[in-house]
Amino acid sequence: NYICSRIQANAPSPPPPVPHPISPVLFQKQMPSLESLKRTDGWRLSGLFVCCLSVYLSTGFVLGGAFGVFTAGIDTNVGFDPKDPLRTPTAREVLKDMGQRGMSYAKNFAIVGAMFSCTECIIESHRGKSDWKNAVYSGCVTGGAIGLRAGLKAGVLGCGGFAAFSAAIEYYLR
């Protein structure tokens, strides 16, 4: 304690504040009232809730699962045993493979849907506009992020592909 008080006593005092070169007349704006701040914060919280809800609902888990089960149903290799190619798979083995493929597709669709929806919501909140460009930018971010795992060229192609697909869907829906 003694050492701290000696250091503080010997420390130089901070320099006086320098006046800002811009005239304060330009910034004479009315301070917001407490009621307007409460309304703004409530709007932001409800916007955050809507973003989280849209990400949750658009995950694509159900659609991906249905697509996975459908593709497994038309695949001729479901339940195929490479050790014994002449053996016919049982219904239990086929259903097990269909369930595994359905779950795999469901997870992948959920991740892509959540990435797209989350980035679209963030971009829309940042831009303050709700138009077709948000979906295109979000498609580029999502496709680029997915493609970057395979390299820069794949990231650029993924960005362009997802952006073009998003633009086509937005054009069709609006």
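The structure we're discussing is the one just above.
Remember, it's a predicted structure, so these values are computed and weren't measured experimentally.

Cut-offs used in this document
- Residues numbered from 1 in each chain as written.
- Predicted model: local features only at pLDDT ≥ 70, side-chain atom pairs only at ≥ 80, totals over all residues.
- Heavy atoms only, no water.
- Disulfide = S-S within 2.5 Å.
- Helix = DSSP H or I, 4+ residues; strand = E, 2+ residues; numbered from the N terminus.
- Axes fitted to C-alpha atoms, helices over the stretch in contact; angles between N-to-C directions.
- Parallel < 35°, antiparallel > 145°, perpendicular 65-115°, else oblique.
- Left-handed = near helix turned anticlockwise from the far one by under 90°.
- Contact = heavy atoms within 4.5 Å.
- Nonpolar A, V, L, I, M, F, W, Y, C, P; charged D, E, K, R; others polar.
- Phe/Tyr/Trp six-rings, centres within 6.5 Å; stacked < 30°, edge-to-face > 60°.
- Buried < 20%, exposed > 50% of the residue type's maximum accessible area, 1.4 Å probe, protein only.

J.: Help me out: how do you make sense of the state of the cysteines in this one?
T.: One way to say it: the disulfide is the covalent bond shared by the sulfur atoms of two cysteines. If you walk through the whole model with that rule in mind, you get one disulfide. What pairs with Cys-140 in a disulfide is Cys-159, and their sulfur atoms sit 1.7 Å apart. Between Cys-140 and Cys-159, the S-S dihedral sits near -65°, and the bridge is therefore left-handed. Here Cys-140, found in helix H5 (residues 132-147), pairs with Cys-159, found in helix H6 (residues 152-173); they are 19 residues apart in sequence, far enough to count as distant.

J.: I would appreciate a short explanation of the packing of helix H4 (residues 91-127) against H5 in the present structure.
T.: Packed helices, taken two at a time, are described by the angle between their axes plus the distance between the axes. Where H4 contacts H5, the two axes come as close as 8 Å, and the packing angle between them is 135°. When the interaxial angle is binned, H4 and H5 end up oblique. As for the relative orientation of H4 and H5, their crossing is right-handed in sense. Taking contact as the criterion, the partners of Val-112, Met-115, Phe-116, Thr-119, Glu-120, Ile-123, Glu-124 and Arg-127 in H4 are, on H5, Lys-133, Asn-134, Ala-135, Tyr-137, Ser-138, Gly-139, Val-141, Thr-142, Ala-145 and Ile-146. Among the residues making up the contact of H4 with H5, the classes are represented as nine nonpolar, five polar and four charged.

J.: Quick question: what am I supposed to make of the packing of aromatic side chains here?
T.: How two aromatic rings sit relative to each other is given by the distance of their centres and the angle of their planes. Enumeration according to the criterion identifies two aromatic pairs in this entry. An angle of 40° between the planes, with centres 5.8 Å apart, marks the rings of Phe-67 and Tyr-105 as tilted. Separated by 38 residues along the polypeptide, Phe-67 in helix H3 (residues 61-74) and Tyr-105 in helix H4 bring together distant segments of the chain. A ring pair is formed by Phe-67 and Phe-109, whose centres lie 5.8 Å apart and whose planes are at 40°; its orientation type is tilted. In this pair, Phe-67 is assigned in helix H3 and Phe-109 in helix H4, connecting sequence segments 42 residues apart. Exposure remark for Phe-109: the relative accessible area of 31% places this residue in the partly exposed category. In textbook terms, an aromatic cluster arises when at least three aromatic residues are bridged by ring pairs, as seen for Phe-67, Tyr-105 and Phe-109.

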